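Inside the fold
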Amino acid sequence: MSVTGSARGTLRGRLETAAPARFWQVLEEVSAEGGFSHRFSAEFPEIAERLSGAVDRRTTLKLMGAALLSAGLAGCKPSKGIAPYVDQPEFTVPGKPRFYATSLVLDGYAIGVLGETHEGRPTKLEGNPAHPGSLGGTDAIVQTAVYTLYSADRSRYVRRGGQPATWGAFQAEMAELRDTYVSRGGAGLGVLIGAETSPTLARQLDALQAEMPALAVYRHSATTPRNPAVVPVYRFDRADVIVSLDADFLAEGPGRLAHARQFSDSRRVRREAAKMSRLYALEGVPSLTGVAADVRRKIRPGALDEAVSEIAAALESGAPAGDKFIAWLVADLGAAASRAVFVPPLDASLYVEATALALNQRFGAVGDRVIYIASPEIAGAPLETLVTDAESGRLEQLVILGPDVLHTAPGDLDITGALQRLARVYHHGLHVDRTARLAHWHVPAAHDLESWSDGRAYEGSASILQPLIAPLYGGVTKHQVLAALAGDFTSSAQELVRGTWPSLNDEAWFEALKSGLIEGSAAAATAPPAATSVAPATAVDGATDAVDVVLRPDPYFSDGTHAANLFLAELPRPLTKIVWGNTAEMSPDTAARLGVAQDDVVELSANGRTVVLPVFIHPGMPEGVIAVALGFGREIEGSAPIGVNAFVLARRDGGGVLSEVTVQKLDAKEHVVTTQHHHSMEGRDIVRELPLAAFPPERNEPAQPTLYPEYENPEEAWGMSIDLNACIGCMACVAACQVENNSPVVGREEVARGHEMHWLRVDRYYAGDGDDQRTLFQPVPCMQCEDAPCEVVCPVNATVHTADGINAQVYNRCVGTRYCSQNCPYKVRRFNFFAYQDFAEDNPLSLLMNPDVSVRERGVMEKCTYCVQRTRAAQIEANITDSPITDGSVMTACQQACPSRAITFGNLKDRSSAVAREKGEPHAYALLEELNTKPRTTYLARIRNAPDSEEDDGE
């Protein structure tokens, strides 16, 4: 779609005049381009387009007969033998899951989780409510970690020169290496780590350097390139005014889950407490934090220093500013009762970092809304020093613990040449990647769920990683590799970790394992960094024809660490809804100026290095800026690379903004697969927003007549409420639903046809245009209608109403007519067009399946059931103990995963339950309530707390 200036005028005009809808999803919807309306005249537009001409009666009958035959054949599977327990493990009850507290280490920091296992087989992870790094919430990476555990693409054996070897042979090599370098004090030997906070790893490195003082330790992390000595810890639930200086604190950084919880707690508007914090955001490219802001100002990324300088000057003078954003901010912070906090980005310039510190000190945030602690990370020399040492001969042999440096190294750093100069390279990692193939030795790593280790949370608290399963592929931990280098060939990983905590007696050790946290281990507050005087960088002139490219890690793949996880590859990105690849994201104005359209292929060139990417038109982007996601294109043995590796454009100084980039349109097309084009509002306001000044709104809900009989719920009546003001759009709920309910990965081509199998989607909507454009999210599971249109059209009674009000799907009855999907106004049903699940005996992913949920075959319709397996388990337990089901004791997978607690589930018959109270709020509403389907799933409208809310009625 080529967007010209006149087309943009049409877009603005349609936004201003369209009625009644104020919200839109994609540009084609408001510009009427690309035959958007015609596409939705058919239930399955991609299939309709493939059928040329009319289909006669004979063809229709043949297709129906083939579908019924396929459905019958799909149910015929050969039986396979199974082996029972010979000696059943103690405390194991077959069919009943067990939970263990452990942690995942993401970007070096520990995230506390509770691991669910079935007969010793991990199937699901939930957040640990007692752990400060998660507070019971998770994100998409945590939810899908079990896929990586069972992935067939993991490294399976030790390699020497690319040939199979043994762990014993590697230990022998380490013994020789040790003998060589101990006598030399370690001169010539180096260890490369990523971002690490493990106290055990720190202890081992300290011991090695005590024995070999010249041993070099290098650190390389593409997601956290800097490792300052002192770091801030924020408390957003204590702030009235939050100012994000291009910081995506809701989606990036080690404290993101805690930040999401704190932020949402300050935004819950209820009848008895109609008050919420206000978020201002300066933003170079759209982020989850920016779109959650009440006041958002788009800036060119290179102009951040100048924008922060303007804010600081205005706050210092207290004079009114011409810029509305700054004027509102000055007025807000002039109020005596305001409690403000300023948040710089993780990769902040020295000026922005120093100014944020000065402003926080001025407004009394330091010591309350933000404290400073010593960094939990292990220090090390940067990758540039490693290259210099290799080129000079100071580095001779290198042990790499984790990072795929050949993938993540900046393009202006010759890391390949540096490693090739070394006499030996030893690599330890989960996958056989580019770095592993170049190394002389490769040792498979144990997954976090197979490991004994430890790590620290963002605020310094330590937790123990305990294995939920024995290593599937003979992997070892990084502690065992360093132990071999230290001459210890007998200690187990558990003994190595236990030795780090001698102060814990047996009782305290087991308590730490049970709780997932070492009590009292949080870091003590320290003095903030010393104030510095730094001049702001000169801003890039936004009026020129130059184009800036912003490089940011992908929200799921990160720096490529999780690029082999196909659950994440197929999970729509929060803002763009793109799957299976990265793109060159740009605004309509930028695309028009460059003469490119959606799905065109462009070549981006900077400093003699190029990447080739398809174009994606993103309305939220600022003019003259192209965003490119990092982490794609990683080369892992056993799987094809997904997307394009954009690290080749990165610079060694760690800056994520490239100026003066050349953009050349190529004579090619590549379809960008995005799921947001698969549904349309058809001119209706499905998502709702109102200003805080208009709260509480008037409710007018006259009862509508119905032809359906009233259902009796003798015991429970399950229902759900989703708070759009708390939802940050992170997609953790979708990932959790997929893992909990055995939903398959269908592949790029199937998603392009609209055949994705996620039972839950998060729709993204835009409101307004230009500087006032806003973005809203809305999770859409099955509405569980009391008067369900799907039930009356099923010819085989496969979709039925249960006694507790759930709209159930009986898979064994379904014959695949898809009448229910056509009759569903919410389009929340999914159909197995093919046999997406692979149950070959050699496929370890079959171990991932939740045994409490049946796995569907080809030709079956499926959908959300409010995690019926969880409600049934609670009902069975209640019957056994003869006690009622208490409110909050049953949680759906999406509810439990949500880091911001936007989803509430419970028994509507219990009038004191949280879900019943939320449904009684004045801003509660149901989707398409005019259809009188009486959904059990309802919403709380998004509340906007902009300073102009008194005159902004939201229309």
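Everything quoted here is computed from the prediction, not taken from an experiment. For every chain, the first residue of the written sequence is number 1, and numbering continues from 1 onward in sequence order. At least 70 in pLDDT is required for a residue's local features to be given in this predicted model, at least 80 for side-chain atom pairs to be given and counted, and no such filter applies to totals for whole chains, interfaces and linings, which use all residues. Water and hydrogen atoms play no part in the side-chain values, which are based on all heavy atoms of the structure.

1. Some thoughts on the environment of Asn797
Working definition: helices are DSSP H or I runs of at least four residues, strands are E runs of at least two. Numbering for both runs from the N terminus. The topology assignment puts Asn797 in the loop between β30 (774-780) and β31 (799-801). Exposed residues in this analysis have more than 50% of their type's maximum accessible area, buried residues have under 20%, and partly exposed residues fall in between, with area computed by a 1.4 Å probe over protein chains only. A relative accessible area of 42% means that Asn797 is categorised as partly exposed. Through-space distance from the C-alpha of Asn797 to that of Gln809 is 9.0 Å; in sequence the pair is 12 residues apart.

2. Overview of the packing of helix α12 (residues 304-317) against helix α14 (residues 350-362)
Running from N to C, α12 and α14 point in directions that differ by 25°, and their axes come no closer than 10 Å. Here α12 lies roughly parallel to α14, going by the angle between them. With respect to the hand of their crossing, α12 and α14 are arranged in left-handed fashion. Along the contact surface, α12 presents Leu304, Asp305, Val308, Ser309, Ala312, Leu315 and Glu316, while α14 presents Tyr351, Val352, Thr355, Leu359 and Arg362. Residue classes in the contact of α12 with α14 are distributed as 7 nonpolar, 2 polar and 3 charged. Under this scheme, a helix contributes an axis fitted over its contacting stretch, all axes are lines through C-alpha atoms, and angles between N-to-C directions fall in the 0 to 180 degree range. Should an angle fall under 35 degrees it is taken as roughly parallel, and over 145 as roughly antiparallel, whereas 65 to 115 is taken as roughly perpendicular and any remaining angle as oblique. Note: crossing handedness is left-handed where the near helix turns anticlockwise from the far helix by less than a right angle, and right-handed where it turns clockwise. Contacts are assigned to residue pairs that have any heavy atoms within 4.5 Å of one another. Asp, Glu, Lys and Arg are counted as charged, while Ala, Val, Leu, Ile, Met, Phe, Trp, Tyr, Cys and Pro are counted as nonpolar; the rest, among them Gly, fall into the polar class.

3. Points about helix α24 (residues 732-740)
When you tally the buried positions in α24, you get 9 out of 9 residues, the bulk of the element. Within the sequence span of α24, burial applies to Ala732, Cys733, Val734, Ala735, Ala736, Cys737, Gln738, Val739 and Glu740. Once α24 ends, the next one or two residues include Asn742, with phi positive near 55°.

4. Remarks on unusual backbone geometry
In this structure, the amide linkage connecting Phe695 to the following residue, Pro696, adopts the cis form with an omega of 0°. Mapped onto the secondary structure, Pro696 falls in the loop between β27 (689-691) and β28 (718-723). If you check the backbone angles, Glu119 has positive phi at about 50° while not being a glycine. Along the chain, Glu119 turns up in the loop between β3 (109-118) and β4 (121-127). On the basis of relative accessibility, which here comes to 36%, the residue Glu119 falls in the partly exposed class. Positive phi is not limited to glycine here, since Asp246 has a value of about 65°. On the secondary structure map, Asp246 appears in the loop between β10 (241-245) and α10 (256-265).

5. Re the packing of helix α9 (residues 199-211) against helix α19 (residues 478-485)
At a minimum axis distance of 10 Å, the contact between α9 and α19 shows a crossing angle of 15°. When the axes of α9 and α19 are compared, the pair comes out roughly parallel. In terms of crossing hand, the pair formed by α9 and α19 is left-handed. Residues Thr200, Leu201, Gln204, Leu205 and Leu208 of α9 pack against Lys478, His479, Leu482, Ala483 and Leu485 of α19. Here the residues of the contact of α9 with α19 sort into 6 nonpolar, 3 polar and 1 charged.

6. What about the packing of aromatic side chains?
Only Phe, Tyr and Trp rings are paired, with Trp represented by its six-membered ring, and only when their centres lie within 6.5 Å; those with planes under 30 degrees apart are stacked, over 60 edge-to-face, the remainder tilted. Considering all chains together, one arrives at 16 aromatic pairs under this definition. Between Tyr234 and Phe236, the ring centres sit 5.5 Å apart and the planes meet at 15°, which makes this aromatic pair stacked. Taken together through their ring pairs, the aromatic side chains of Trp167, Phe170, Tyr426 and Trp441 make up a single cluster. Working rule: Lys NZ or Arg CZ, within 6 Å of ring centre, within 35 degrees of ring normal, means a charge sits over the ring. The aromatic ring of Tyr811 is capped on one face by Arg856, whose charged end is 5.7 Å from the ring centroid.

7. Here's the deal with the state of the cysteines
Only a pair of cysteine sulfur atoms within 2.5 Å qualifies as a disulfide here. For the structure shown, the criterion picks out 0 disulfides. In this model Cys824 remains outside any disulfide bridge; the closest cysteine sulfur is found in Cys790, 6.6 Å from its own. Overall, Cys824 belongs to the buried group, its relative accessible area being 8%.

8. A word on the pairing of β10
Taking burial as the measure, the 5 residues of β10 include 5 buried ones, the bulk of the element. Across the two faces of β10 the burial is the same, with Val241, Val243 and Leu245 and Ile242 and Ser244 all buried. Strand direction decides the pairing type here: β10 and strand β11 (residues 278-283), joined by 5 bridges, are parallel. What sits directly across from Leu245, in β11, is Leu282. The handedness of a crossover follows from its direction of travel: if, with the strands pointing away from the viewer, the path from the first strand over the helix to the second runs clockwise, the crossover is right-handed. After leaving β10, the chain enters α10 and then returns to the sheet as β11, a path that is right-handed. Only strands joined by at least two bridges in the DSSP assignment are considered to pair. Here β10 pairs with strand β13 (residues 340-343) via 4 bridges, running parallel.

9. Notes on helix α13 (residues 324-333)
Among the 10 residues of α13, 7 are classified as buried, and the element is accordingly described as predominantly covered. Where α13 is concerned, the buried positions are Phe325, Ile326, Trp328, Leu329, Val330, Asp332 and Leu333. For α13, the elements touching its buried residues are β10, β11, β12 (295-298), α12 and β13.

10. Details of the pairing of strand β18 (residues 453-456)
Across 4 bridges, the pairing between β18 and strand β19 (residues 462-465) is antiparallel. The residue bridging Arg456 from the neighbouring strand is Ala462, located in β19. Counted between consecutive antiparallel strands, the loop separating β18 from β19 contains 5 residues, among which Gly460 sits at a positive phi close to 100°.

11. Points about the environment of Ile885
Considering the arrangement of structural elements, one finds Ile885 in the loop between α27 (868-881) and α28 (893-897). As for Ile885 and Asn907, which are separated by 22 residues in sequence, their C-alpha atoms are 8.8 Å apart.

12. Some details on the confidence of the model for the protein
The score called pLDDT rates the predictor's confidence residue by residue, from a low of 0 to a high of 100. Mean pLDDT over the protein stands at 87; residues scoring 70 or higher make up 87%. Taken together, the stretch residues 67-83 has pLDDT below 50 and engages in 9 contacts with residues farther than four places along the chain or on a different chain.

13. Describing the side chain of Arg270
Within the secondary structure, Arg270 is located in the loop between α10 and β11. Ignoring sequence-local partners within four residues, the contact set of Arg270 consists of Phe695, Asp723, Glu918, Glu921, His923 and Leu940.

14. Quick word on the side chain of Arg634
Within the secondary structure layout, Arg634 lies in the loop between β24 (625-630) and β25 (657-658). When its relative accessible area of 9% is taken as the criterion, Arg634 is described as buried. Reaching out from Arg634, the side chain makes a polar contact with the backbone oxygen of Gly560 at a distance of 3.0 Å. As used in this structure description, the phrase polar contact means that two N or O atoms lie within 3.5 Å; if the pair is within protein, one of them must be able to donate a hydrogen and the other to accept it, and residues adjacent in sequence are counted only when both atoms belong to side chains.

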